[in-house]
Amino acid sequence: MKDYYEVLGLQKGASRDEVKKAFRKLAAEYHPDKKTGDEAKYKEITEAYAVLGDEKKKAEYDTYGHAAAQGGGGGGFGGFNWGDFQQGFGGQGGSFEFDLNDIFENFGFGGGRPQQSRGRDVSIDINLNFSEAVFGTTRNVLLNKNNTCTHCEGTGAKKGTAMSTCETCNGNGKIRETRQSIMGTFQTVRECETCHGTGKVPKERCGYCAGAGILRAEEEVSIKVPAGIENGEVIRMTGRGEAMPRATSGDLYIKVHVEGHPTIKRDGSTLYTRLGIKLTDALLGGEYKVETLDGPVTLTIPAGITHGELLRIKGKGVPVDGRARGDFMVKVEIGFPKTVSKSARKLIEELRKEGL
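Residues numbered from 1 in each chain as written. Predicted model: local features only at pLDDT ≥ 70, side-chain atom pairs only at ≥ 80, totals over all residues. Heavy atoms only, no water.

Enquirer: Provide a residue-level description of the nonpolar core, including the pertinent values.
Expert: Core analysis: the biggest nonpolar cluster contains 21 residues, and Leu275, Ile277, Leu299 and Ile301 have the highest contact counts within it. Of all the elements in the fold, those that place two or more residues in this core are helix 7 (130-135), strand 11 (270-278), strand 12 (286-292), strand 13 (295-301), strand 14 (310-313) and strand 15 (328-335). Considering each element in turn, this core owes the most residues, four residues, to strand 15. Not counting residues up to four positions away in its chain, the partners in contact with Leu299 are Leu275, Gly286, Glu287, Tyr288, Val290, Leu311, Ile313 and Val330. Counting residues in hydrophobic clusters, the runner-up holds 18 residues, among them Tyr4, Tyr5, Tyr42 and Val51. (Core = buried A, V, L, I, M, F, W, Y, C linked by side-chain atoms within 4.5 Å. Buried < 20%, exposed > 50% of the residue type's maximum accessible area, 1.4 Å probe, protein only. Helix = DSSP H or I, 4+ residues; strand = E, 2+ residues; numbered from the N terminus. Contact = heavy atoms within 4.5 Å.)

Dropping the structure here:
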C-alpha cells in the first residue's frame, strides 16, 4: 500500500495546509472530467486526502501508518471506502467537509469564493516638463472611481443604526449548496453575497450609498512626484484605486511622461548642454553665460581649450535620492570662421610663422 504522503508528493509530516494545496493541484489534473483525467489515480489521491485532510486521522496515520487502518492505533480510521467517501461529501455522516474552493473552482463547475478580494487597480498617465521631472512636483488629478462611502465609512449602515443577523445565511457568512458530479453529491460553501461574509446586515441602510458601502464619485488625488523621476517610470499609490465593499482598495498606478528640453539632455543624474565659443576665446580664454535649470551661470573658459572638451559645473544636475545633486556638463564647440578679413588673415599668418 502506497504511503499517503508519497501519493500527494509530500514529505512525511507535511502540514494540513500543504496537504490541502497538494490535493487541489493533483485533483485538478487527474479529475475524470478533465482531458488529463485518470480515475484510478484520482481515487488514490482522494483516498490519501480523506486521511491526511482530517486532523484526527492524520494524527493516527502519522503515529501508526497504515496499521491504524486495521485498528492498530487505538480505533484506527477504518480503512477507505469510495462509497463512504462520496457520502461524506454530501454531509451524510462524513468526517469532514470540502469548501467549494477545494475542488470545484479547479474543475470549471463554477461557484467558489469570489476571486476578487480587493478593489480594482487604476492606471493613469501624467505629463511633466523637464524641470518638474528633475526637481519633483505635486500634481492634483481628478478621478471618477468607486470610493469608500464617507457617510457610513464603508459599513453600508446609516449612522447610529444597529446591525442585525443576515437572513440569507442566518449569520454564518456562508451559503451551503448541494451539487452533483461524477463523484456523487457534494456540499459546497460560498461567501454570502448579502452580507459579504460578515453575517451581519444593517437594520437601516446608508441613504447615500444604498447600503453598498461604496460610492462612485469624483475624487481629487494629490500625486507627489519625486525629484529625479525618469521618463516612463511608474508611481504606485497603495490603496488609492477602486474601493470594494468590506475589502482592501486597489492601487493607483501613475505612468510618467517627461517632455524633452530644447537645449539640455539628461543621462542619469548628469545634465548636458552645448556651448559655442569664438576661436579667439578658445585660444586666449574668456567667460560665458550658461543657462542651467537653476538659471544662468558664469562659466570660465580656460585658454587653449579644445573642440568638444567638457567643462563641469558641480551640483547643478539631477538630485540623487532627494539629496545631493549630480553635475551639469558643458560641451564646448569652437566656432571656426568661414571667411576672414585681410587684417585678420595677416594676424593668422603671423601666428603660423610662430608655429601656432
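Enquirer: Please set out the confidence of the model for the protein residue by residue, giving values where relevant.
Expert: For the protein, mean pLDDT is 82; residues scoring 70 or higher make up 82% of the total. Every residue in residues 71-76 is under pLDDT 50, and counting partners more than four places away or in other chains gives nine contacts. (pLDDT = per-residue confidence, 0-100.)

Enquirer: Which residues make up the packing of helix 2 (residues 16-30) against helix 3 (residues 39-52), and what values do they have?
Expert: Following both chains from N to C, one finds helix 2 and helix 3 inclined at 165°, their axes separated by 10 Å at the closest point. Regarding the angle of helix 2 to helix 3, the classification is roughly antiparallel. Pair helix 2 / helix 3 crosses with left-handed handedness. Where helix 2 approaches helix 3, its residues Arg16, Val19, Lys20, Phe23, Leu26, Ala27 and Tyr30 are matched on the opposing element by Lys41, Tyr42, Ile45, Thr46, Tyr49 and Leu52. In the contact of helix 2 with helix 3, the residues fall into nine nonpolar, one polar and three charged. (Axes fitted to C-alpha atoms, helices over the stretch in contact; angles between N-to-C directions. Parallel < 35°, antiparallel > 145°, perpendicular 65-115°, else oblique. Left-handed = near helix turned anticlockwise from the far one by under 90°. Nonpolar A, V, L, I, M, F, W, Y, C, P; charged D, E, K, R; others polar.)

Enquirer: Run through the packing of helix 3 against helix 4 (residues 55-64), naming residues and quoting values.
Expert: Direction vectors running N to C along helix 3 and helix 4 enclose 100°, while the axes themselves pass 6 Å from each other. By the angle between their directions, the pair helix 3 and helix 4 is classed as roughly perpendicular. Here helix 3 contributes Ala50, Val51 and Leu52 to the contact with helix 4, which in turn contributes Lys57, Lys58 and Tyr61.

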